[in-house]
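Chain residues, written in single-letter form:
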Amino acid sequence: MDRSDALLQDWRERALAIEREVSTAVMGQARVIRLVNTAVFARGHVLLQGDVGVGKTTLLRAFARVLGGAYARTEGTIDLMPNDLIYYTYISAEGRPAVDPGPLIEHGEDLAIFFFNEINRARPQVHSLLLRVMAERSVSAFNREWRFPHLQVFADRNRVEREETFEIASAARDRFMMEVTIETPADEDQRRALMFDPRYHDTDALVASLAGGMLAYRELNDIAAQIQRSVQTSERLQQYALELWRATAAPADYGVKLSGLDTAQLMLAGASPRGMSMLLRAARVTAWLEGRDYATPEDLQAVFDVTIAHRLCFQPVYEMRRPEIAAPLIAGILGSVAAP
Ligand SMILES: Nc1ncnc2c1ncn2[C@@H]1O[C@H](COP(=O)(O)OP(=O)(O)OP(=O)(O)O)[C@@H](O)[C@H]1O
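Reading the values: the criteria
Residues numbered from 1 in each chain as written. Predicted model: local features only at pLDDT ≥ 70, side-chain atom pairs only at ≥ 80, totals over all residues. Heavy atoms only, no water. Axes fitted to C-alpha atoms, helices over the stretch in contact; angles between N-to-C directions. Helix = DSSP H or I, 4+ residues; strand = E, 2+ residues; numbered from the N terminus. Parallel < 35°, antiparallel > 145°, perpendicular 65-115°, else oblique. Left-handed = near helix turned anticlockwise from the far one by under 90°. Contact = heavy atoms within 4.5 Å. Nonpolar A, V, L, I, M, F, W, Y, C, P; charged D, E, K, R; others polar. Pairing = 2+ DSSP bridges.

What about the packing of helix 1 (residues 3–25) against helix 2 (residues 30–42)?
Here is step 1 of the chain: Where helix 1 contacts helix 2, the two axes come as close as 10 Å, and the packing angle between them is 140 degrees. When the interaxial angle is binned, helix 1 and helix 2 end up oblique. The hand of the helix 1/helix 2 crossing is right-handed. Only Ile33, Arg34, Asn37 and Phe41 of helix 2 make contact with helix 1, whose side of the interface consists of Trp11, Ala15, Leu16, Ile18, Glu19, Val22 and Ser23.
Here is step 2 of the chain: For the contact of helix 1 with helix 2, the per-class residue count stands at 7 nonpolar, 2 polar and 2 charged.

Written out as structure tokens, the structure reads:
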């Protein structure tokens, strides 16, 4: 084993230890934890989908703690302005106007996880600031540039109450590596524990119970690049991924059928090149977490729904039915494109 293989092996053990640690605080969410960990090591931003009170904050604070980086959170509201992410103004105890750094810049370069709750309640101007920060990992304020080289953005969309909301545009959704759904655990014992065990009633204490800084988060960018370089993709796997890509734009050509609609009329746009590159990044990390140095069709399939579904664009008549169409379409594509 050469030095870089040994390093990747060491990091893999730490990545798996992180999953075990987070799952001691966040119950019944093994798949979500695996996906968030995948995004951490693929360096991708994540959209979260889930009702209120399902443990999103707990999950993200738990990850920030084990990674050792800083965590910040903002609530999307209709009157939130882009500058509210950057600074607060207030009257000080001495009665003078004062300015303090806002949630985005208060931790400087230490910011590892930024949670934007209910992003669709904020106006498009706020979305565009966030997208710029996601793409450039920097922002200008107070006459200097603030850099966040270790930042991952997690954004939640409130799906229950849709009044006064600004849906994020498809171009914005495309910037997110994944959309991950978080549901209440179905298991009776887990539900019982969430209700009756006081350990799960106090997020601060729950997060504080986790081992802090299990991993040097400042090294994540380098490790992520090494993972992408070291996990191989065979010619046949590449061909499979190309077919999946074509099927996202023309599912009918692959014989994908959905009840109650014509798949030949469904798609406005398939996955973008960015989307497919994010699928591959996530698939390589999946392979690495499984202890392999090559990706398999199963690795692609494991992250296909979460990396692709949110970026497909349907014809306007079908867009309203997205929640009922997206999952069967993705399953149909995976079922119709022959895996090597
Ligand atoms: N799966 C879970 N594991 C552990 N704790 C949980 C879980 N689901 C919910 N909780 C507990 O429920 C409470 C609410 O969770 P949390 O604040 O993380 O939810 P949220 O999804 O961020 O809510 P909101 O959308 O209102 O901000 C916390 O005390 C948390 O510990």
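Some words on the environment of Phe176
Here is step 1 of the chain: The residue Phe176 is located in the loop between helix 5 (170–173) and strand 9 (178–181) in this model.
Here is step 2 of the chain: Each C-alpha atom, one on Phe176 and one on Tyr318, is 22 Å from the other, the two residues being 142 residues apart in sequence.
Here is step 3 of the chain: The contact partners of Phe176, leaving out residues within four places of it in the chain, are His45, Val46, Leu47, Met134, Val153, Ala155, Ile168, Met278, His310 and Arg311.

Observations regarding the sheet that holds strand 2 (residues 70–75)
Adjacent strands of a sheet pair through backbone hydrogen bonds, lying either parallel or antiparallel.
Here is step 1 of the chain: Reading across the sheet, the 5 strands line up as 2-5-8-1-9 and stay open at both edges, with parallel pairing between neighbours. The strands lining the two open edges of the sheet, one partner per strand, are strand 2 and strand 9. Strand-to-strand, the axes of this sheet are offset by a mean angle of 20 degrees, without reference to chain direction.
Here is step 2 of the chain: Where strand 1 (residues 46–49) and strand 9 come together, 4 bridges link them in parallel fashion. Residue Leu48 lies in a different strand from strand 9, and its bridge partner there is Val180.

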